[in-house]
Amino acid sequence: MKYVLVTGGVVSGLGKGVTASSIGVVLKACGLRITSIKIDPYLNTDAGTMSPFEHGEVFVLDDGGEVDLDLGNYERFLDIKLTRDNNITTGKIYQSVIDKERKGEYLGKTVQVVPHITNAIQEWIERVAMIPVDGKDGPADVCVIELGGTIGDIESMPFIEALGQFSYRVGPGNFCLVHVSLVPVMNVVGEQKTKPTQHSVRGLRGLGLTPNILACRSTKELEDNVKEKLSQFCHVPAANILTLYDVSNIWRIPLLLRDQKAHEAILKVLNLDRAESIAREPKLDEWVARATIFDALQDTVRIAMVGKYTGLSDSYLSVLKALLHASVDCHRKLVVDWVASTDLEDSTAIEAPDAYKSAWDLLKGADGILVPGGFGDRGVQGKILAAKYAREKNVPYLGICLGMQIAVVEFARHVMNLTDANSTEFDSNTKTPCVIFMPEGSKTHMGATMRLGSRRTFFKVADCKSAKLYGNATYVDERHRHRYEVNPDMVPDFENAGLQFVGKDDTGRRMEIIEIPSHKYFVGAQFHPEFKSRPSKPSPLFVGLVAAASGQLDRVLQDRCNGHAVPAKHPLSNGSYTPTVHQNGHPKKLANGLSNGTYYANGNGVHA
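Residues numbered from 1 in each chain as written. Predicted model: local features only at pLDDT ≥ 70, side-chain atom pairs only at ≥ 80, totals over all residues. Heavy atoms only, no water.

The chain has the name CTP synthase in an unreviewed UniProt entry, where Urochloa decumbens is given as its organism. Checking UniProt for the chain, the heading Sequence similarities (unreviewed entry) contains the comment "Belongs to the CTP synthase family." Under the Pathway (unreviewed entry) heading, UniProt states for the chain: "Pyrimidine metabolism; CTP biosynthesis via de novo pathway; CTP from UDP: step 2/2." (UniProt positions renumbered as here; feature names shortened; annotations may be inferred.)

Rendered as structure tokens:
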């Protein structure tokens, strides 16, 4: 097994996750099998109880693992299925060591950070690296490891020490360290400054790790004299100093690495550049087509994202990725209008009339409306109003998890005239509980107590839009993360009033997908389809939303029913079909995304 470690210095948010994913893409294009591990030095055992404001979205895996959002990047970039153990946290490591100590497995020894914690980290890495994640038998060829945080963080120290020991243990030719650092440009002099990177590398070397490759984040390509200076002071060959400068979209990052011969540098360090090696020149034609097509898109589609975490785009990262995959599949340039659900409520009309008007203007100007998942009662009334507007005005609507539940509550209140209808999550004493707490849930323990991971949904109505979008499938496996569900006792009343429950679990008692047949596109899913969306395989329900919002739904449904799932021809295809493969990523601010684009909350959407 070969290992590539990606670390970061100077500041957080430089794009280590995208860099690690892109390295994996390039090595995979060389014919190697890749797996990934993300190390998060925080004390939480997993990301399940962390606020999206604190740490971005919680990504859910097939096995129910609630993990860091970077594992979503790995899955989308590399088209693999990871496990909960591919995300290592301080909490997991210490918990495993303490469990062993309680069982007496250390034979009375004093349990210490070195060697017990550091050994546990190394053993965890070696064990997880051997787990196949690409659907093939046997272990991968290369494991790409990302260490979260920055060099010098106190909480990272045990991992730094463990990885230093690990590099010595696996030996030369089996370990390659890529250090991602910032090379800022001072506006006063306009000069690329190397000192932050010098200090970062010095700190890294002082902790026992020596970088083989430097990946320098900068607004523009590094000048030759800057590379020479970094090479001299950081003891890294100039050929191994890469520039990750701002590009038009995130899918160009693997192409940047390829063009700078990053694969040759990594393969050389790992002794995979020899004649007998299976590695070859990277084939990235699909990525070139993807990046080119994305940059050429002209016609826009506006989707209003109605949620409560609109101040941080990472809170809905996978939803944004899935929207982008679907929009490119439909040959539309995506504009996301962020709408804070609280701003749609009547109380805001009194307290902040300008914010109220702006929110409603965005909602009314959108081609489609999406209400993602969430927890808590803040902003729920605004989400209900958004669902009501979409239903009454025949605006394409997709509700995910909570977005489906509030659509059910809205239907009960305004179509069935059950004015006190509610979810017991928001009113435990409601007389009309449309949404109830699941029997197997826990109200006292928050972590890993929800219905999590991949579960099967069976289509109960063959002639529904959702089944057609999934290619007339009889069932589908999607990932879940919820504590509440539609009250099965009320389902007959809903269906008599015109709300169809087209997808259910194997028992028939748990509602998974709703539709209003008479509506252009009004769909709710209890699961999270965004977690399994891939650039070349966009989520069907997201494709349905974007297609309906851009007037293409009938064609898309017909294509998918015929088993083609093929978008319209693109001008770049010269009359023949070009695969619209579109990869993970959305424009983010410079510090976070290797892209110079930004989503704007005021509706002036700018794209990658």
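Asker: Could you clarify how one ought to interpret the sheet that holds strand S10 (residues 213-218) in this entry?
Answerer: Strand order in the open sheet made by the 7 strands is S5-S2-S6-S1-S7-S10-S11, with parallel pairing throughout. For this open sheet the edge positions go to strand S5 (87-89) and strand S11 (241-245), each flanked by a neighbour on one side alone. The average undirected angle you get between the axes of adjacent strands in this sheet is 20 degrees. Strand contacts of helix H5 (residues 113-129): strand S1 (2-8), strand S2 (34-40), S5 and strand S6 (142-147), with the helix running at about 150 degrees to S2, the strand carrying the most contacts. (Pairing = 2+ DSSP bridges. Helix = DSSP H or I, 4+ residues; strand = E, 2+ residues; numbered from the N terminus. Axes fitted to C-alpha atoms, helices over the stretch in contact; angles between N-to-C directions. Contact = heavy atoms within 4.5 Å.)

Asker: Looking at this structure, I do not really get the layout of surface pockets. What am I missing?
Answerer: There is about 790 Å³ of room inside the largest pocket. Contributing to the lining of the largest pocket are 34 residues, with Gly-13, Lys-38, His-55, Asp-68 and Asp-70 lying nearest its centre. Listing elements by their share of the lining of the largest pocket, those giving two or more residues are helix H1 (16-29), S2, helix H2 (52-55), helix H3 (70-78) and helix H12 (317-329). (1 Å grid on protein atoms, 1.4 Å probe; cavity = no way out; pocket = protein on both sides within 12 Å on 5 of 7 lines; lining within 4 Å. Points joined across faces, edges and corners; volume = space filled by probe spheres on them.)

Asker: What should I look at first to understand the nonpolar core in this one?
Answerer: Across soluble globular proteins, nonpolar side chains have a tendency to be buried as a group. One finds Val-4, Leu-27, Met-305, Leu-323, Leu-370, Leu-541 and Phe-542 to be the most contacted residues of the largest nonpolar core, which totals 96 residues. A total of 8 residues in this core trace back to one element, the largest contributor, which is helix H19 (residues 540-549). Ranked by size, the runner-up nonpolar core spans 44 residues in total, among them Ile-369, Tyr-389, Ala-407 and Phe-411. (Core = buried A, V, L, I, M, F, W, Y, C linked by side-chain atoms within 4.5 Å. Buried < 20%, exposed > 50% of the residue type's maximum accessible area, 1.4 Å probe, protein only.)

Asker: What am I meant to see in the sheet that holds strand S16 (residues 421-423) here?
Answerer: An order of S16-S17-S20 is seen for the 3 strands of this open sheet, with the pairing classed as mixed. Of all the strands in the sheet, just S16 and strand S20 (484-486) have a single pairing partner and so form its edges. Neighbour to neighbour, the strand axes of the sheet diverge by 25 degrees on average, direction disregarded. As paired elements, S16 and strand S17 (residues 432-437) share 3 bridges and run parallel to each other. Within the sheet, the bridge partner assigned to Asn-422 lies in S17 and is Pro-433. Docked against the sheet, helix H16 (residues 402-414) engages S16, S17 and S20, running at close to 165 degrees with respect to S16.

Asker: Help me out: how do you make sense of the environment of Phe-426 in this one?
Answerer: Turning to its location among the elements, Phe-426 is positioned in the loop between S16 and S17. Residues in contact with Phe-426, not counting those within four places in the same chain, are Gly-376, Asp-377, Val-380 and Leu-402.

Asker: Any chance you could explain the packing of helix H15 (residues 380-392) against H16 here in plain terms?
Answerer: Packed helices, taken two at a time, are described by the angle between their axes plus the distance between the axes. It is the contact of H15 with H16, at a shortest axis distance of 9 Å, that shows an interaxial angle of 70 degrees. The angle between the axes of H15 and H16 places the two elements in the roughly perpendicular class. As for how H15 packs across H16, the hand of that crossing is right-handed. Side by side, H15 and H16 meet where Val-380, Gln-381, Lys-383, Ile-384, Ala-387, Lys-388 and Arg-391 of the first sit next to Leu-402, Ile-406, Ala-407, Val-409, Glu-410, Phe-411, Arg-413 and His-414 of the second. Among the residues forming the contact of H15 with H16, the class breakdown is 8 nonpolar, 2 polar and 5 charged. (Parallel < 35°, antiparallel > 145°, perpendicular 65-115°, else oblique. Left-handed = near helix turned anticlockwise from the far one by under 90°. Nonpolar A, V, L, I, M, F, W, Y, C, P; charged D, E, K, R; others polar.)

Asker: Help me out: how do you make sense of H3 in this one?
Answerer: Since the α-helix packs 3.6 residues into each turn, any two residues three or four apart lie on the same face. Summarising burial for H3: 9 of the 9 residues are buried, a large majority. At the exit of H3 stands Asp-79, carrying a positive phi of roughly 55 degrees.

Asker: I tried to follow unusual backbone geometry on my own but got confused; where do I start?
Answerer: In most cases, non-glycine residues show a negative phi, while peptide bonds are predominantly trans. A cis amide bond, omega 15 degrees, links Val-114 with the succeeding residue Pro-115. As for its position among the elements, Pro-115 is in helix H5. Despite not being glycine, Lys-261 shows a phi value in the positive range, around 60 degrees. Looking at the secondary structure, you find Lys-261 in the loop between helix H9 (253-259) and helix H10 (262-269). Looking at Lys-261, the relative accessible area reads 41%, which means it is partly exposed.

Asker: Would you take a moment to explain the pairing of S17 for this structure?
Answerer: Within a regular strand, the side chains alternate between the two sheet faces. As defined by bridge partners, S17 adjoins S20 across 3 bridges and the pair is classed as antiparallel. Across the sheet, Phe-437 pairs through a bridge with Tyr-484, a residue of S20.

Asker: Would you explain empty space enclosed by the protein in this entry?
Answerer: Gaps left between atoms show up when a probe the size of a water molecule is rolled over them. Applying the stated criterion across every chain yields a total of 4 cavities of 30 Å³ or more. The volume enclosed by the largest cavity comes to roughly 70 Å³. Gly-374, Phe-375, Cys-401, Leu-402, Gln-405, Glu-425, Arg-481, His-482, Arg-483 and Tyr-484 together form the lining of the largest cavity. Only H16 and strand S19 (475-482) provide two or more residues apiece to the lining of the largest cavity.

Asker: Mind showing me how you'd approach the packing of aromatic side chains here?
Answerer: Any aromatic ring pair is given by two values, namely how distant the centres are and how the planes are angled relative to each other. Counted according to the given criterion, the structure contains 14 aromatic pairs. Measuring from centroid to centroid gives 6.2 Å for Trp-360 and Tyr-389, while their planes differ by 75 degrees, and the two rings are edge-to-face. With Trp-360 in helix H14 (residues 353-365) and Tyr-389 in helix H15, the pair connects residues that are 29 residues apart, well separated along the chain. Its relative accessible area of 15% is what places Trp-360 among the buried residues. Between the aromatic rings of Tyr-397 and Phe-522, the centroid separation amounts to 4.6 Å while the plane-to-plane angle is 15 degrees, which identifies the pairing as stacked. (Phe/Tyr/Trp six-rings, centres within 6.5 Å; stacked < 30°, edge-to-face > 60°.)

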